[in-house]
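For reference, the chains in residue letters:
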Amino acid sequence: MTTGSVLDILIYVFDHYMLVETPEVPRREHLARDLERAGFARAKVERALDWLTELAFHQEPAAAAQPARANGVRVFTDGELMRLSTECRGLLLTLERAQVLNAQQREVVIERMLALDADEPDTEQLKWVVLMVLSSQPGCELAVERLGGLMQEVSGHAPH
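Procedures and definitions
- Residues numbered from 1 in each chain as written.
- Predicted model: local features only at pLDDT ≥ 70, side-chain atom pairs only at ≥ 80, totals over all residues.
- Heavy atoms only, no water.
- Helix = DSSP H or I, 4+ residues; strand = E, 2+ residues; numbered from the N terminus.
- Buried < 20%, exposed > 50% of the residue type's maximum accessible area, 1.4 Å probe, protein only.
- Salt bridge = Lys/Arg side-chain N within 4 Å of Asp/Glu carboxyl O.
- Polar contact = N/O pair within 3.5 Å; in protein donor to acceptor, adjacent residues only side chain to side chain.
- Arc of directions from axis to C-beta.
- Contact = heavy atoms within 4.5 Å.
- Core = buried A, V, L, I, M, F, W, Y, C linked by side-chain atoms within 4.5 Å.
- Axes fitted to C-alpha atoms, helices over the stretch in contact; angles between N-to-C directions.
- Parallel < 35°, antiparallel > 145°, perpendicular 65-115°, else oblique.
- Left-handed = near helix turned anticlockwise from the far one by under 90°.
- Nonpolar A, V, L, I, M, F, W, Y, C, P; charged D, E, K, R; others polar.

Draft legend 1. Region of interest: unusual backbone geometry. The phi angle at Q99 is positive, at roughly 60°, despite the residue not being glycine. Along the chain, Q99 falls in the loop between α6 (86–97) and α7 (103–115). Take Q99: its relative accessible area is 42%, and that puts it in the partly exposed class.

Set out below in structure tokens:
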């Protein structure tokens, strides 16, 4: 049996339930049972489902329509600085400047990243969280497209 991390479970749910044309996400108890049958540990499944539930409460349709403010500065708390690497913070800034994320979405992403309880959150985890946050909000299709294009640009310029 594989226990998987909370993020592994979230990615599994995203791949198996959210990427279909008309996603039919089962009720929590059925989803938990499906995930346990897939080999994930019950405690991690519950944490992942709690994570998804909290994400659902952060949906603000009006926030998706607001552009990022170019003149604002986000100051990270000491706890955020300890948990989010310079690379993660830089990627957040890049995504906001590219108008993939607005200020409200950035805050949800930061909160959801910290809720993963990963030892050392990295930019790959951040990209998944951004994708999940944007996918959970109606009207963010353009932002998801921009994210994909931006990630291809970044990986295309990576040193070999």
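Here the narrative resumes, following the displayed structure.
Draft legend 2. Spotlight on the pattern of salt bridges. A full pass over the atoms with the stated rule returns 13 salt bridges. A salt bridge links R28 to D50; its shortest N-O distance comes to 2.7 Å. Here D50 lies in helix α3 (residues 42–57) and R28 lies in helix α2 (residues 28–37), a separation of 22 residues in the sequence. On the basis of relative accessibility, which here comes to 36%, the residue D50 falls in the partly exposed class. In this structure, E80 and R74 form a salt bridge, with 2.8 Å as the shortest nitrogen-oxygen distance. No difference in accessibility class separates E80 from R74, as the two residues are buried. Each of the salt bridges in this network shares a partner with another, and the network as a whole consists of R28, E36, R42, E46 and D50.

Draft legend 3. The arrangement of the side chain of E96 in detail. Residue position: E96 is located in helix α6. The class for E96 is buried, based on a relative accessible area of 11%. In terms of polar contacts, E96 uses its side chain to reach the side chain of R106, at 2.7 Å.

Draft legend 4. Broad picture of α2. Along α2, the residues classified as buried are L31, A32 and L35. Projected down its long axis, α2 shows its buried positions confined to an angular sector of 100°, all on one face. The elements touched by buried residues of α2 are α1 (6–18) and α3. After α2 finishes, the residue G39 shows a positive phi value of roughly 110°.

Draft legend 5. Seen up close, the nonpolar core. Counting residues in hydrophobic clusters, the biggest one holds 36 residues, and the most contacted among them are L35, V109, L116 and L126. Of all elements in the fold, only α1, α2, α3, α6, α7 and α8 (123–135) reach the threshold of two or more residues within this core. Considering every element that reaches this core, the biggest residue donor is α1, with 8 residues. If near-sequence neighbours (up to four positions away) are discounted, V109 is found in contact with L92, L101, L126, V129, V130 and V133.

Draft legend 6. Looking closely at the packing of α7 against α8. Running from amino to carboxyl end, α7 crosses α8 at an angle of 125°, the nearest separation of the two axes being 9 Å. By the angle class used here, α7 and α8 are oblique. The chirality of how α7 crosses α8 is right-handed. Together, Q105, V108, V109, R112 and M113 of α7 and Q125, L126, V129, V130, V133 and L134 of α8 make up the contact between the two elements. Along the lines of polarity and charge, the residues of the contact of α7 with α8 split into 8 nonpolar, 2 polar and 1 charged.

Draft legend 7. Summary view of the packing of α1 against α8. α8 packs onto α1 with a crossing angle of 45° between their chain directions and a minimal axis gap of 11 Å. The orientation of α1 with respect to α8, classified from their angle, is oblique. The handedness of the crossing between α1 and α8 comes out as left-handed. Across the interface between the two elements, L7, L10, I11, F14 and D15 from α1 touch Q125, W128, L131, M132 and S135 from α8.

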